[in-house]
Amino acid sequence: MADNGSTDVPEISAEWYRDIVDAAAGTPHPVQWFVGHATEAVILLLGALLVTAALRRLAGGPHNRALALVAPLPTLLAYASSEWIKTMVDEDRPCRTIGRAIIAGACPPPGDYSFPSNHATLAGALAVTTLLLSRRLGLVALPLAVLAAFSRVFVGVHYPHDVAAGLLLGALVALVATPLLARPTAEALRRRTDARRPVPDLAGRPRP
């Protein structure tokens, strides 16, 4: 294990970090610029895919509409979970503890901890929620989430295990929370629909 402030970092993760960041430093500047700006762009694209998948579900029955309505919540829950875990683990950023040039421009300040990666968590949650709503769009979202996660190592602000944990956390929260939240929402939508249906009178004519 490699010492990283208050947290021991797996040595293999530290070695992979060094290898990736050293390789990144040798890439052409256009590549560095692209990857340096890619994370936020990919997160926005993943959000757009999720919105598209949710809008398609709105035209369906109560279950489909429920999935569309709860779609943003797993990502919010995943992000909150990653923030809580950060405060518990207190792992310093590798750009503060390993002497390597980074593409990010500046290392995040002290107290902005590294494990797990918030960006990777968001990417994992967005991609898996999209997959649950639309298989076709989800299969586009999954590799984009991996790209967003890898970019955080490439620019030098996260260890590989940070982004792997973030992807897994986001995916697990999405897998568990999406059906759990959709089930009661769908039931509420069904009750609301039933309450609006006209009740027939004894003569068989619907009451206004």
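These numbers come from a predicted model, not from an experiment.

Caption draft 1: The overall build of the protein, seen in detail. Scanning the protein from terminus to terminus reveals 8 helices and 2 strands. Written out in order from the N terminus, the α and β elements of the protein read β-β-α-α-α-α-α-α-α-α. Within the protein, buried positions represent 42% of all 208 residues.

Caption draft 2: Seen up close, the pattern of salt bridges. This structure, assessed with the given rule, holds 2 salt bridges. For the salt bridge of Glu11 with Arg18, the shortest nitrogen-to-oxygen distance reads 3.6 Å. For Glu11, a relative accessible area of 32% translates into the label partly exposed. With its nearest N and O atoms 2.9 Å apart, the salt bridge here joins Asp112 to Arg93. With Asp112 in the loop between α5 (94-97) and α6 (118-133) and Arg93 in the loop between α4 (72-89) and α5, this residue pair connects regions lying 19 residues apart in the sequence. Arg93 gets classed as buried once you look at its relative accessible area, which sits at 5%.

Caption draft 3: How the structure looks around the packing of α6 against helix α7 (residues 135-154). Running from amino to carboxyl end, α6 crosses α7 at an angle of 170°, the nearest separation of the two axes being 7 Å. Considered as vectors, α6 and α7 are oriented roughly antiparallel to each other. Counted together, His119, Ala120, Ala123, Gly124, Ala127, Val128, Thr130, Leu131 and Leu133 of α6 and Arg135, Leu137, Gly138, Leu139, Ala141, Leu142, Ala145, Ala148, Ala149 and Arg152 of α7 form the full contact between these two elements. Of the residues contributing to the contact of α6 with α7, the split by class is 13 nonpolar, 4 polar and 2 charged.

Caption draft 4: How the structure looks around the nonpolar core. Ile43, Leu46, Leu49, Ala123 and Leu133 are the most contacted members of the largest nonpolar core, which totals 25 residues. Elements with a minimum of two residues in this core: α2 (29-57), α3 (62-70), α6, α7 and α8 (160-196). Per-element accounting of this core gives the leading share, 7 residues, to α2. Those residues in contact with Ala123, other than ones at most four positions away along the chain, are Ile43, Leu46, Ala145, Ala148 and Leu167. Counting residues in each nonpolar core, the second largest holds 18 residues, with Val35, Ile98, Val155 and Val157 among its members.

Caption draft 5: Region of the structure containing the state of the cysteines. This model, assessed by the stated rule, comprises 1 disulfide. The partner cysteine of Cys95 in its disulfide is Cys107, sulfur to sulfur 2.0 Å. The disulfide joining Cys95 to Cys107 has a torsion of about 70° about its S-S bond and is therefore right-handed. Of this pair, Cys95 sits in helix α5 while Cys107 sits in the loop between α5 and α6, placing them 12 residues apart in sequence. Taking the relative accessible area as the measure of exposure, Cys95 reaches 15% and is therefore buried. Looking at Cys107, the relative accessible area reads 23%, which means it is partly exposed.

Caption draft 6: Quick peek at the environment of Val157. Structurally, Val157 can be placed in the loop between α7 and α8. Among the residues examined, Val157 registers a relative accessible area of 2% and is labelled buried. Through-space distance from the C-alpha of Val157 to that of Arg96 is 8.8 Å; in sequence the pair is 61 residues apart. Excluding anything up to four places from it in sequence, Val157 contacts Arg93, Pro94, Cys95, Ala104, Pro108, Ser114 and Arg152.

Caption draft 7: Structural detail: the side chain of Asn118. Within the secondary structure, Asn118 sits in helix α6. On the accessibility criterion, Asn118 (12% relative accessible area) is buried. Those residues within four positions of Asn118 in sequence are excluded, and the remaining contacts are Tyr79, Ser82, Glu83 and Lys86.

Rules used in this analysis
Each chain carries its own residue numbering, running from 1 in the written order of its sequence. Totals for whole chains, interfaces and linings use every residue, but because this is a predicted model, local features are given only for residues with pLDDT of at least 70 and side-chain atom pairs only at 80 or more, for both listing and counting. Side-chain calculation: all heavy atoms of the structure are included, whereas hydrogens and water are not. Only DSSP runs of H or I covering at least 4 residues are called helices, and only runs of E covering at least 2 are called strands; the numbering of each starts at the N terminus. Only protein chains enter the area calculation, which uses a 1.4 Å probe; residues under 20% of their type maximum are buried, those over 50% are exposed, and those in between are partly exposed. The working definition used for a salt bridge is a side-chain nitrogen of Lys or Arg within 4 Å of a carboxyl oxygen of Asp or Glu. As a rule, the C-alpha atoms of each element are fitted with a line to give its axis, helices using only the stretch in contact, and angles between N-to-C directions run from 0 to 180 degrees. Orientation is classified from the angle alone, with under 35 degrees giving roughly parallel, over 145 giving roughly antiparallel, 65 to 115 giving roughly perpendicular, and any other angle giving oblique. Any two residues having at least one pair of non-hydrogen atoms within 4.5 Å are treated as being in contact. Any residue that is not Ala, Val, Leu, Ile, Met, Phe, Trp, Tyr, Cys, Pro, Asp, Glu, Lys or Arg is counted as polar, Gly included; the first ten are nonpolar and the last four charged. Residue types Ala, Val, Leu, Ile, Met, Phe, Trp, Tyr and Cys, when buried and joined through side-chain atoms within 4.5 Å, form a set referred to as a nonpolar core. Note on terminology: disulfide denotes any pair of cysteine sulfur atoms within 2.5 Å.

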